[in-house]
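# Descriptive structure summary
Listed below, chain by chain, are the residues.
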Amino acid sequence: MENLINIGTIVGTHHLRGSVKINSIFEEIELIKGERVLLEKEEIKKILCVKNVKRLNEKKAILDFEEIKNIDEAQKLNGFKLKIRRDLLPKKTEDEFYIKDLLGIEVFLDNEKVGEITDVMETAAHEILIVEDIKTKKEIMIPLIDEFVKKIDFENGRVEVNLIDGMR
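### Brief notes about the pairing of strand β8 (residues 112-122)
Two strands pair when backbone bridges link them, and strand β7 (residues 106-109) and β8 are joined in this way by four bridges, in the antiparallel orientation. Opposite F108, over in β8, you have K113 as the bridge partner. Counting the residues between successive antiparallel strands, the hairpin from β7 to β8 contains two residues, one of them, D110, with a positive phi of roughly 50 degrees. As defined by bridge partners, β8 adjoins strand β9 (residues 127-133) across seven bridges and the pair is classed as antiparallel. Within the sheet, the bridge partner assigned to M121 lies in β9 and is I128. Where β8 folds back onto β9 in an antiparallel hairpin, the turn is made up of four residues.

Below, the structure written as structure tokens:
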């Protein structure tokens, strides 16, 4: 499963034919048309084939799956994370990474787990990591700059951060 990358979450249905809305910052969403994807929620996993993709804006898209024929079937997919094979992504150089590679990675402060990255917000200056705090269930916003993000370890699925008073 380590060869899979999370590209979004199903957040609702669209029309009666079984289309689903997804929140996704994956810029090349059209690349998954005709591909099989993994949907995952808690312990439930489903593999579906993407029939059609339509980008609505930079954070939302509409997907149709071959196997989903109506709104009732589509509603059962709410909350599922959408994962694709890493080899479907356009290649990056060694020093580059996809911002979406950060989604789902665990965040640590002094070897204590703070939470998990749930989103990345783009601003004019830099990206901001949105982390769900495991204790309070509130969002923590961490600028993706060297002062706060000390180390990104994709191999072990963890980000080490330094937080200042008021961030948590």
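Still more to cover.
### Notes on the environment of K69
Within the secondary structure, K69 is located in the loop between β5 (60-65) and α1 (71-75). Taking the C-alpha atoms as reference points, K69 and D133, 64 residues apart in sequence, are found 37 Å from one another.

### Concerning the pairing of strand β11 (residues 149-153)
As defined by bridge partners, β11 adjoins strand β12 (residues 158-161) across four bridges and the pair is classed as antiparallel. Paired with V149 across the two strands is V161, which belongs to β12. As consecutive antiparallel partners, β11 and β12 are separated by four residues, and within that stretch G157 has a phi angle of approximately 65 degrees, a positive value.

### Quick word on the sheet that holds strand β6 (residues 81-85)
What the six strands build is a closed barrel, ordered β1-β2-β5-β4-β3-β6; its pairing is antiparallel. Between one strand axis and the next, the sheet turns through 50 degrees on average, direction left out of account. Pairing between strand β1 (residues 4-14) and β6: five bridges, direction antiparallel. Opposite I5, over in β6, you have I84 as the bridge partner.

### Describing the nonpolar core
Counting residues in each nonpolar core, the largest one holds 24 residues, and the members touching the most others are I32, L63, F65, L77, L82 and I84. Breaking this core down by element, the ones donating at least two residues are β1, β2 (19-23), β3 (36-41), β4 (44-57), β5 and β6. Not counting the four nearest positions on each side in its chain, L63 is found in contact with S19, V20, I22, I32, V50, N52, V53 and L82. If you look at the next biggest cluster of nonpolar residues, it comprises 21 residues, including I117, I140, F148 and L163.

### A short note on the environment of R85
Looking at where R85 falls in the secondary structure, it is placed in strand β6. Judged by its relative accessible area of 33%, R85 falls in the partly exposed class. Linking R85 and V37, residues 48 residues apart in sequence, is a C-alpha distance of 7.7 Å. Here R85 is in contact with N3, L4 and E35, once residues within four sequence places are set aside.

### Re the sheet that holds β12
Spatially, six strands are ordered β10-β9-β8-β7-β12-β11 in an open sheet, and the strand pairing comes out mixed. Taken across any chain shown, the strands that pair with only one partner, and hence form the sheet edges, are β10 (139-143) and β11. Direction aside, the axes of adjacent strands within the sheet are offset by 35 degrees on average.

What counts, and where the lines are drawn
Residues numbered from 1 in each chain as written. Predicted model: local features only at pLDDT ≥ 70, side-chain atom pairs only at ≥ 80, totals over all residues. Heavy atoms only, no water. Pairing = 2+ DSSP bridges. Helix = DSSP H or I, 4+ residues; strand = E, 2+ residues; numbered from the N terminus. Axes fitted to C-alpha atoms, helices over the stretch in contact; angles between N-to-C directions. Core = buried A, V, L, I, M, F, W, Y, C linked by side-chain atoms within 4.5 Å. Buried < 20%, exposed > 50% of the residue type's maximum accessible area, 1.4 Å probe, protein only. Contact = heavy atoms within 4.5 Å.

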